[in-house]
Amino acid sequence: EESFHEAIDFAHRYNEARERAIKARWELLVHRQAVGFTVGNHAYVHNAFRIPDALSVKLDDLIPNDDTMQQTIPSETVTPKKEKFGDQLDWWQRIGRWK
């Protein structure tokens, strides 16, 4: 029981650090763009400084049960994301003033 609460505490601290990392990455994007790195800036920064998903902080997700005891391959459970186009960044990277 104590280890579950400790795991939740660690997850909270990890998620807080993750939020600070997301803000720092956004600030890096802004500064890079301000000094002239405009073409491919977002793609480069997001590929170079990846931030993993947040950890679950619900106790129910940490307590093992019969369903979670079976191993699953992550690639089988993840559905591919559909690419969406048409935002301003997409236009800038495809057509922008240096293309």
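Residues numbered from 1 in each chain as written. Predicted model: local features only at pLDDT ≥ 70, side-chain atom pairs only at ≥ 80, totals over all residues. Heavy atoms only, no water.

### Comments concerning the overall build of the protein chain
Piece 1. When helices and strands are tallied, the protein chain shows 5 helices and 0 strands.
Piece 2. Listing the helices and strands of the protein chain from first to last along the sequence gives α-α-α-α-α.
Piece 3. In the protein chain, the proportion of contacts linking residues at least 24 apart, taken out of those at least 6 apart, comes to 70%.
Piece 4. Per element, the accessible surface of the protein chain, about 8800 Å² overall, is 56% carbon and sulfur. (Helix = DSSP H or I, 4+ residues; strand = E, 2+ residues; numbered from the N terminus. Contact = heavy atoms within 4.5 Å. Areas by Shrake-Rupley, 256 points an atom, 1.4 Å probe, with all protein chains shown as cover.)

### Some details on the environment of L29
Piece 1. The residue L29 is located in helix α1 (residues 2-34) in this model.
Piece 2. For the pair L29 and N41, spaced 12 residues apart in sequence, the C-alpha to C-alpha distance is 6.9 Å.
Piece 3. The residues touching L29, leaving out its near neighbours within four places in the chain, are N41, H42, V45 and H46.

### Some thoughts on the pattern of salt bridges
Piece 1. For the structure shown, the criterion picks out 3 salt bridges.
Piece 2. Across the pair D9 and R13 runs a salt bridge whose closest N-O atoms are separated by 3.7 Å. Taken together, the positions of D9 and R13, both in helix α1 and 4 residues apart, correspond to about one turn of that helix.
Piece 3. Where K23 meets E27, a salt bridge forms, and the shortest distance between an N and an O atom there is 3.8 Å. One end of the pair is K23 and the other is E27, both in helix α1 and 4 residues apart, which spans about a single turn. (Salt bridge = Lys/Arg side-chain N within 4 Å of Asp/Glu carboxyl O.)

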